[in-house]
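# Summary of structural features
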Amino acid sequence: MIVNKHFCYTVVFTLLIAASPLSYAAGCLKGAAVGAAVGHLKHHAVLGAVGGCVVGHHMAAKDKKEQAKG
């Protein structure tokens with residue numbers, strides 16, 4: 001059972017990384033890593049990774065806008 005669960009997590013993370021364009025990768029991957037680590041503690045690593053990716057992308061876009069303004 002545990003091997004199957006780890007395999008599923010690996011497949012999901014691989015698909016997330018492959019599906020995200022490079023411009024989104026920095027915020028998404030950092031957020032996904034943090035979200036997965038925190039979610040793992042509550043047995044929801046995939047949900048944490050997805051949420052972390054969304055938040056990380058939002059924060060990266062926000063920082064990019066602030067840097068563009070000067």
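None of the values given here were measured: they were computed from a predicted structure.

With that settled, the discussion passes to a nonpolar patch on the surface. Residues Phe-7, Val-11 and Leu-15 make up a contiguous nonpolar surface patch of about 310 Å² in total accessible area. Of note, Leu-15 is situated in helix H1 (residues 2-19).

Our next topic: the environment of Ala-36. Inspection of the secondary structure assignment puts Ala-36 in helix H2 (residues 22-41). For Ala-36, a relative accessible area of 13% translates into the label buried. Considering only alpha carbons, one finds Ala-36 and Gly-48, 12 residues apart in sequence, at a separation of 4.8 Å. Among all residues touching Ala-36, those that are not within four sequence positions of it are Phe-13, Ala-45, Gly-48 and Ala-49.

Right, let's get into the confidence of the model for the chain. Chain-level statistics for the chain give a pLDDT mean of 79 and a share of 80% at 70 or above. Taken element by element, the chain is modelled with least confidence in H1, mean pLDDT 73, and with most confidence in helix H3 (residues 45-69), mean pLDDT 87.

Counting 5 residues, the largest nonpolar core is built from Cys-28, Ala-32, Ala-36, Ala-49 and Cys-53. Counting residues per element, the ones that place at least two in this core are H2 and H3. In terms of residue count, H2 provides more of this core than any other element does, 3 residues in total. Here Ala-49 is in contact with Phe-13, Ala-32, Gly-35 and Ala-36, once residues within four sequence places are set aside.

What counts, and at which threshold
Residues numbered from 1 in each chain as written. Predicted model: local features only at pLDDT ≥ 70, side-chain atom pairs only at ≥ 80, totals over all residues. Heavy atoms only, no water. Patch = residues over 30% accessible without salt bridge, like charges linked within 9 Å, V, L, I, M, F, W, Y side chains within 5 Å. Areas by Shrake-Rupley, 256 points an atom, 1.4 Å probe, with all protein chains shown as cover. Salt bridge = Lys/Arg side-chain N within 4 Å of Asp/Glu carboxyl O. Helix = DSSP H or I, 4+ residues; strand = E, 2+ residues; numbered from the N terminus. Buried < 20%, exposed > 50% of the residue type's maximum accessible area, 1.4 Å probe, protein only. Contact = heavy atoms within 4.5 Å. pLDDT = per-residue confidence, 0-100. Core = buried A, V, L, I, M, F, W, Y, C linked by side-chain atoms within 4.5 Å.

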